[in-house]
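Remarks on the overall topology
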Amino acid sequence: MATDAHRTLDLLQAADFLRMSPSVLRQKAKAGLIQGAKPGKRWVFLEADLAAYLRSLYPCPGQAPQSGWKEVTLCHS
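By the element assignment, Glu 47 lies in helix 3 (residues 47–56). At 2.5 Å, the side chain of Glu 47 forms a polar contact with the side chain of Arg 7.

On to the nonpolar core. A general trend in soluble globular proteins is that nonpolar side chains are found buried together. Leu 9, Leu 11, Ala 14, Ala 15, Leu 18, Leu 25, Ala 29, Ile 34, Trp 43, Phe 45, Leu 50 and Tyr 53 together form the largest nonpolar core, which totals 12 residues. Listing elements by their share of this core, those giving two or more residues are helix 1 (11–18), helix 2 (22–30) and helix 3. Among the elements that take part in this core, helix 1 stands out by supplying four residues, more than any other. Phe 45 has contacts with Arg 7, Thr 8, Leu 9, Asp 10, Leu 11, Ala 14, Leu 25, Ala 29, Ile 34, Gln 35, Gly 36 and Leu 50, leaving out every residue within four places of it along the chain.

Parameters at a glance
- Residues numbered from 1 in each chain as written.
- Predicted model: local features only at pLDDT ≥ 70, side-chain atom pairs only at ≥ 80, totals over all residues.
- Heavy atoms only, no water.
- Helix = DSSP H or I, 4+ residues; strand = E, 2+ residues; numbered from the N terminus.
- Polar contact = N/O pair within 3.5 Å; in protein donor to acceptor, adjacent residues only side chain to side chain.
- Core = buried A, V, L, I, M, F, W, Y, C linked by side-chain atoms within 4.5 Å.
- Buried < 20%, exposed > 50% of the residue type's maximum accessible area, 1.4 Å probe, protein only.
- Contact = heavy atoms within 4.5 Å.

Structure (C-alpha cells):
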C-alpha cells in the first residue's frame, strides 16, 4: 500500500482533489503549472504534489487573498 506521499491519482481523482474540472487540470499539467506525469496514455499525479500546489495558492501572511483566476506565487520572505 502506498504512503500518502506516494499515493497516485488519475486525472479524474486529481481534479476532484483540486476541485477543478479534468480539462482545466489537463491544461495546467500540460503547461507545467501543476506537476504530473504521463507515463503512458494517461496522466498520473502524486497527492503530495497536488497538496503542494494548493499550498502555493495560499496568500502570504499579511497579504489579502487575491480574487479572480490569477494564481499566486509562493511567498519567499
